[in-house]
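Structural overview
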Amino acid sequence: MARGIHRLLMHHILMVGGWLTLTGFLVRRPPVWLWALRTVPMLFHLLTALGAVNLLVHLPSKVRVVYGLAVYGFFVQTAVALVVLLFGRSELDTLERQLEGLEKMATCNSPVLHRKILTRIALFVTLAAISCGLWISFPLVVGEFRHGNYHIQVELPLALQTQTGYWYCLAFQVVTVVLGTILALTFDCCFFTWLNTVAFHLCTIRNMVQALNSSQGLTDTPKVKVNSSPLMTIAAKTTSWSLNSVLDEKEESPNQELQDLQDNNRREKQANLDQLFVGNASIELEKAVETCDSTETLRLIDGYYSQIASLANSINRLCGLPVLITHAATMTVVLFGVYASILLASEPSKPGRGTQITGFAVFIFIFVLRIIFVSFDGGEITEHWEELSASLAAMEWLHLPPEAKQRRKALLQKTAQPLCISAAGVFNINKINVLNIFSFVLTYLVVMVQ
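Residues numbered from 1 in each chain as written. Predicted model: local features only at pLDDT ≥ 70, side-chain atom pairs only at ≥ 80, totals over all residues. Heavy atoms only, no water.

1. Thoughts on the overall build of the chain
Under the convention used in this document: Secondary structure follows DSSP: runs of H or I at least 4 residues long count as helices, runs of E at least 2 residues long count as strands, and numbering of each begins at the N terminus. Burial classification: accessible surface area is computed with a 1.4 Å probe over protein chains only, and a residue below 20% of its type maximum counts as buried, one above 50% as exposed, and the rest as partly exposed. Contacts are residue-level and defined by heavy atoms, with any inter-residue pair within 4.5 Å sufficient. Using a 1.4 Å probe, the Shrake-Rupley method yields the accessible areas, and only the shown protein chains count as cover for residues.
Assigned secondary structure in the chain consists of twelve helices and two strands. Going from the N terminus to the C terminus, the chain shows its helices and strands as α-α-α-α-α-α-β-β-α-α-α-α-α-α. For the chain, the proportion of its 450 residues judged to be buried stands at 50%. Relative to all contacts within the chain whose residues are 6 or more apart in sequence, the contacts with residues 24 or more apart total 78%. Accessible surface for the chain amounts to roughly 21100 Å². Of this, 63% is attributable to carbon and sulfur atoms.

2. Observations regarding the environment of Leu300
Structurally, Leu300 is set in helix H9 (residues 294-345). For Leu300, a relative accessible area of 10% puts it in the buried group.

3. Some words on empty space enclosed by the protein
Defined as follows: Buried and open spaces are told apart on a 1 Å grid over the protein atoms alone, a cavity being a set of points where a 1.4 Å probe fits but cannot get out and a pocket being an open set with protein on both sides within 12 Å along at least five of seven lines. Residues with an atom within 4 Å of a point are the lining residues. Grid points are joined across faces, edges and corners, and a volume is the space filled by probe spheres set on the points. Three categories are distinguished: nonpolar for Ala, Val, Leu, Ile, Met, Phe, Trp, Tyr, Cys and Pro, charged for Asp, Glu, Lys and Arg, and polar for the others, with Gly belonging to the last.
One pass over the full model with this rule turns up four cavities of 30 Å³ or more. The space that makes up the largest cavity amounts to roughly 120 Å³. Ala128, Ala184, Asp188, Ile366 and Arg370 are, among the 13 residues lining the largest cavity, the residues nearest its centre. When contributions to the lining of the largest cavity are tallied by element, the ones reaching two or more residues are helix H5 (111-142), helix H6 (163-218) and helix H10 (353-393). Taken together, the residues of the lining of the largest cavity sort by class into nine nonpolar, two polar and two charged.

4. A closer look at the UniProt feature "transmembrane region" (unreviewed entry) in the chain
Stated precisely, the cut-off is as follows: UniProt positions are given in the numbering used here, feature names are shortened, and annotations may be inferred rather than shown by experiment.
UniProt records the feature "transmembrane region" (unreviewed entry) for residues 9-27, 33-57, 69-88, 121-145, 166-187, 324-345, 357-376 and 432-449 in the present numbering. This span, residues 33-57, is 100% helix and 0% strand, and a straight line between its end C-alpha atoms measures 36 Å.

5. With respect to the confidence of the model for the chain
The criterion, for reference: The quantity called pLDDT is the predictor's confidence in a given residue, expressed from 0 to 100.
This prediction gives the chain a mean pLDDT of 79; 78% of its residues lie at or above 70. The secondary-structure element of the chain with the lowest mean pLDDT is strand E2 (residues 244-247), recorded at 30, while helix H1 (residues 5-20) shows the highest, at 93. This stretch, residues 218-254, has a pLDDT under 50; its non-local contacts, to residues over four places away or in other chains, come to 89 contacts.

6. Quick word on the packing of helix H4 (residues 89-105) against H9
Spelled out, the test is: Axis geometry follows a simple rule: fit a line to the C-alpha atoms, using only the stretch in contact for helices, then measure angles between N-to-C directions, giving values from 0 to 180 degrees. An angle below 35 degrees is read as roughly parallel, one above 145 as roughly antiparallel, one from 65 to 115 as roughly perpendicular, and any other as oblique. Handedness of a crossing is defined here by the sense of rotation of the near helix relative to the far one, left-handed for an anticlockwise turn of less than a right angle and right-handed for a clockwise turn.
Relative to each other, H4 and H9 sit at 155 degrees, their axes nearing to 10 Å. In terms of orientation, H4 and H9 fall into the roughly antiparallel class. In the crossing of H4 with H9, the sense of the turn from one axis to the other is left-handed. Contacts between H4 and H9 pair Glu91, Leu92, Thr94, Leu95, Gln98, Leu99, Gly101, Leu102 and Met105 from the former with Leu300, Tyr304, Gln307, Ile308, Ser310, Leu311, Ser314, Ile315, Arg317 and Leu318 from the latter. Its residues assigned to classes, the contact of H4 with H9 comprises eleven nonpolar, six polar and two charged.

7. Quick notes on the environment of Tyr67
As for its placement among the helices and strands, Tyr67 is situated in helix H3 (residues 62-87). Under the relative-accessibility criterion, Tyr67 is labelled buried at 9%. Taking the C-alpha atoms as reference points, Tyr67 and Tyr339, separated by 272 residues in sequence, lie 9.0 Å from one another. Setting aside chain neighbours within four positions, we find Tyr67 in contact with Gln153, Ala340, Leu344, Lys350 and Phe360.

8. Things to note about the environment of Trp397
The topology assignment puts Trp397 in the loop between H10 and helix H11 (402-416). Overall, Trp397 belongs to the partly exposed group, its relative accessible area being 37%. Spatially, the C-alpha atom of Trp397 lies 8.0 Å from that of Arg408, the residues being eleven residues apart in sequence.

9. Describing unusual backbone geometry
A positive phi is found at Leu22, a non-glycine position, where the angle reads about 65 degrees. Relative to the helices and strands, Leu22 resides in the loop between H1 and helix H2 (32-57). Judged by its relative accessible area of 29%, Leu22 is partly exposed.

10. Topic: the pattern of salt bridges
Counted only if it meets this: A carboxyl oxygen of Asp or Glu within 4 Å of a side-chain nitrogen of Lys or Arg is what we treat as a salt bridge.
Overall, the coordinates contain twelve salt bridges when judged by the stated rule. Glu387 is the salt-bridge partner of Arg206, the closest N and O atoms lying 2.2 Å from each other. Placement of Arg206 in helix H6 and of Glu387 in helix H10 is noted, with a sequence separation of 181 residues between them. Arg206 sits in the buried class, given a relative accessible area of 9%. A network of salt bridges, in which partner residues are shared, links Arg28, Arg89 and Asp93.

Given below as structure tokens:
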């Protein structure tokens with residue numbers, strides 16, 4: 001995965017997650033037998049929903065309602081992810097084509113960025129495994145194999161209230177938990193990959209504008225020419241745009257002062273290696289920057305930004321509702337999970353009380369961690385967009401050719417509209433959402449306790 005890591009990751013995640021959930025997300029025209037397999041996860045989620053409705057019809061106790069609300073948010077989220085990934089095949093194809101098109105403009109070739117992406121996905125897998133283990137081990141922790149001690153709160157018909165029926169129901173819920181966990185993991189990994197793609201290309205295009213600004217400032221120097229290697233690999237060991245100015249080929253000895261400045265710049269960039277991106281520009285873009293052709297460079301930047309904006313719009317269309325449900329499920333799980341832990345703490349005679357409270361705490365932590373990742377990744381996109389807008393506004397435009405001035409004006413108009421990922425248009429994904437969730441949970445938790 002040295003090149004095109006985002007598109008390859010999307011393909012592999014959907015392939016593995018699709019076959020583990022019997023859905024085959026990547027199959028464009030599924031045969032009849034695959035459609036039959038796809039009904040399995042949908043049927044399991046449907047029966048889980050019917051169990052929740054049956055529980056409410058029979059007027060359960062307050063404790064069972066709280067436990068149910070603490071866990072059903074997860075299954076609502078996974079059901080929405082299943083529907084979106086199953087019936088959003090055309091949008092998934094569009095996203096894959098857009099990723100391929102963006103890779104032709106700039107390709108990620110940074111080992112640091114590769115490690116960051118793969119480490120995050122490995123963390124998602126670890127959290128999913130822990131969550132799945134907590135769900136399945138709940139009846140074992142309680143230690144009483146009888147009806148009512150499930151990891152999903154349900155009200156069973158009389159025909160199933162037998163010892164054999166208990167094990168059938170327990171097996172059904174284990175399969176439901178495993179399918180739901182894989183669906184949530186598939187969506188989380190794909191969503192992170194798409195957000196990281198937008199952030200990477202925004203960072204790349206921002207550095208292109210900064211490089212153009214630098215080149216414009218050096219064009220009047222008579223004996224110095226600007227030489228840039230492909231986008232953001234101007235020095236293969238650095239991680240940010242810098243124009244390596246060298247003496248004209250006719251000059252015999254280098255300018256020592258300029259060389260020292262370059263060396264210092266390279267060392268500073270290397271020190272910040274873990275925080276920056278590296279990219280590889282298209283051949284056209286490389287030639288435009290090398291020749292300091294501001295008009296052609298801005299034309300390519302304009303088209304590049306349009307592709308990034310199209311990718312962000314596709315992500316919003318496909319992921320808006322699942323992301324909204326993810327935030328709602330997080331608030332529900334945290335609020336009622338904390339309240340359920342308080343109820344457990346007030347019953348010292350309940351078997352496995354301490355272990356169950358610990359399980360709730362870990363489950364809540366996993367949900368909070370997921371929403372923090374989503375919020376910070378969305379916030380990173382907003383930050384890169386703001387930096388790009390500032391770089392365009394700071395461009396030395398007075399000395400640009402007339403056509404380049406028009407291109408810059410058009411880019412300023414495009415970037416005037418915020419580029420962000422939203423939750424079905426209700427709110428934008430940003431870091432402030434984490435504080436909003438905690439404020440909501442704390443407020444209503446106090447009300448519930450009172």
